[in-house]
Amino acid sequence: MSKNTRQAKLLELLKHAGYETIEVLACRLSVSEQTVRRDIYQLDQIGKLRRTHGGAAFVGGLELEDYIRRRSDLSDVKRKIAQQVADLVPDGASLFIDAGTTCEAIAAALLARKDLKIITYSLGAAFLLKDRADFTVGLPGGFVRHIDGSVVGDSGNRFIERFRFDMSIISVSGIEANGTMGDDDHWEVMNVRAAMDRSSRVLLAVDATKFNRPGLISLGSIREVDILVTDAPPTGALARYIGADVRTYVA
């Protein structure tokens, strides 16, 4: 196969596995280990994967410039949404917290609560919560995505599946007019889906710019959400689709 085809297949293997050794990749691609090493080096140089000792790890689809922009965009709005979310979380609750800039703002706001038990795959959220002696904070094993500090890999959703949550706090890249929620990263969708399926309630925290826009990978229907916290209510077809199924709070 051509180099471009081979490297595309290598990235696809890493996307599904999270991490593979050079030996396994060479076997799966039917090429020499030296060829795989060259491919890994080239793909690492352009940020498509992360070289590790004896193998390579998938780094996800999020671009650094995009994440920096997300962190700065609508920061005041995100803080207001975060405060509203924190007001809805009771002391002593067991929570799943998604990754991303909105959920990091929520993690900071949750410092107003007491005795929380939290599972997250966001190192940024965990760092904000780490000094609270009355909080229990759990992280899955895996590889750190350097762009945003998310922990990625197949073990993440398996770790999450061990728990039950009073509430999952999630965010998404977009919600289409037909109510389909979507995100741009395979690992994030896997982790969030696992948490939603094990939660008594699901809280979606998004700013209104996410309405009526698609995400790359489907997460599910907004009707699976119990609470929506946003800065402006949805309108048009999306508002009609949601109806009374989702309790909406406008921060």
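Higher on the page you've got the structure.
**Q** Which parts of the structure should I look at to understand the packing of aromatic side chains?
**A** Each aromatic ring pair is summarised here by two numbers: the centre-to-centre distance and the angle between the ring planes. Within the structure shown, the criterion is met by four aromatic pairs. Taking 6.2 Å as the distance between ring centres and 20° as the angle between the ring planes, the aromatic pair formed by F96 and Y121 counts as stacked. Placement of F96 in strand β4 (residues 94–97) and of Y121 in the loop between β5 (117–120) and α7 (123–129) is noted, with a sequence separation of 25 residues between them. Note on accessibility: F96 and Y121 belong to one class, buried. One aromatic cluster is present, built from ring pairs that chain together F96, Y121, F159, F163 and F165. The lysine or arginine in question, K130, covers the ring of F127, its NZ or CZ lying 4.9 Å from the ring centre.

**Q** Help me out: how do you make sense of the packing of helix α2 (residues 22–29) against helix α3 (residues 33–45) in this one?
**A** A pair of packed helices is captured by two measures, namely the crossing angle of their axes and the spacing between those axes. The geometry of α2 relative to α3 is characterised by a closest axis approach of 9 Å and an angle of 105° between their N-to-C directions. When the axis of α2 is compared with that of α3, the two are roughly perpendicular. Between α2 and α3, the contacting residues are I22, E23, L25, A26 and L29 on the first element and E33, V36, R37 and I40 on the second. Class assignment for the residues of the contact of α2 with α3 results in six nonpolar, no polar and three charged.

**Q** Sorry, what's going on with the pattern of salt bridges here?
**A** Two side chains carrying opposite charge are able to pair once their charged atoms lie near each other. With the rule as written, the count across this model stands at 11 salt bridges. In this structure, the salt-bridge partner of D134 is R132, at a minimum N-O distance of 2.9 Å. Its salt-bridge partner being D207, residue K210 comes within 2.9 Å of it at the nearest N-O pair. A single burial state applies to K210 and to D207, both of which are buried. Overlapping salt bridges bring together R193, D197 and E224 as one network.

**Q** Looking at this model, I keep getting lost on the environment of F165. Mind explaining?
**A** Within the secondary structure, F165 is located in strand β9 (residues 165–170). On the accessibility criterion, F165 (4% relative accessible area) is buried. In this structure the C-alpha to C-alpha distance between F165 and F96, which are 69 residues apart in sequence, comes to 6.6 Å. Contacts of F165, omitting those with residues within four sequence positions, involve S94, L95, F96, I119, I160, A195, R198, S199 and S200.

**Q** What should I look at first to understand the pairing of β5 in this one?
**A** Looking along a regular strand, one sees the side chains alternate between the two faces of the sheet. Here β4 runs beside β5; their pairing, made up of four bridges, is parallel. Bridging from a neighbouring strand, I97 pairs with T120 of β5. Summarising the sheet, β5 and strand β6 (residues 136–138) pair through three bridges and their orientation is parallel. Counterpart to I118 in the pairing with β6 is V137. In this fold, β5 hands off to α7, which returns the chain to β6; that crossover is right-handed.

**Q** I keep staring at the packing of helix α5 (residues 75–88) against helix α6 (residues 101–109) and nothing clicks. Help me out?
**A** Following both chains from N to C, one finds α5 and α6 inclined at 50°, their axes separated by 8 Å at the closest point. The pairing of α5 with α6 is recorded here as oblique in orientation. Of the two possible hands of crossing, α5 and α6 adopt the one that is right-handed. Each of K78, A82, Q83, V85 and A86 in α5 lies in contact with α6, whose residues at this interface are T101, T102, A105, I106 and A109. For the contact of α5 with α6, the class distribution of residues is six nonpolar, three polar and one charged.

**Q** Quick question: what am I supposed to make of the sheet that holds strand β11 (residues 180–183) here?
**A** Two modes of strand pairing occur in sheets, parallel and antiparallel, and in both the strands are linked by backbone hydrogen bonds. One open sheet accounts for three strands, arranged β10-β11-β13; its pairing is antiparallel. The sheet is open, and its two borders are formed by β10 (174–175) and β13 (217–221), each paired with just one other strand. Direction of pairing for β11 relative to β13: antiparallel, over a ladder of four bridges. Within the sheet, the bridge partner assigned to G182 lies in β13 and is S218.

**Q** Just to check I follow, could you spell out the pairing of β9 for this structure?
**A** Within β9, five of the six residues are buried, which leaves it mostly tucked inside the rest of the structure. Two elements, β4 and β9, share three bridges in a ladder whose sense is parallel. Paired with I97 across the bridge in β9 is I169. Looking at chain direction, β9 and strand β12 (residues 199–205) are connected through five bridges and run parallel. Bridging from a neighbouring strand, I169 pairs with L203 of β12.

About the cut-offs
- Residues numbered from 1 in each chain as written.
- Predicted model: local features only at pLDDT ≥ 70, side-chain atom pairs only at ≥ 80, totals over all residues.
- Heavy atoms only, no water.
- Phe/Tyr/Trp six-rings, centres within 6.5 Å; stacked < 30°, edge-to-face > 60°.
- Helix = DSSP H or I, 4+ residues; strand = E, 2+ residues; numbered from the N terminus.
- Buried < 20%, exposed > 50% of the residue type's maximum accessible area, 1.4 Å probe, protein only.
- Lys NZ or Arg CZ within 6 Å of the ring centre and 35° of its normal.
- Axes fitted to C-alpha atoms, helices over the stretch in contact; angles between N-to-C directions.
- Parallel < 35°, antiparallel > 145°, perpendicular 65-115°, else oblique.
- Contact = heavy atoms within 4.5 Å.
- Nonpolar A, V, L, I, M, F, W, Y, C, P; charged D, E, K, R; others polar.
- Salt bridge = Lys/Arg side-chain N within 4 Å of Asp/Glu carboxyl O.
- Pairing = 2+ DSSP bridges.
- Right-handed = clockwise from strand over helix to strand, strands pointing away.
- Left-handed = near helix turned anticlockwise from the far one by under 90°.

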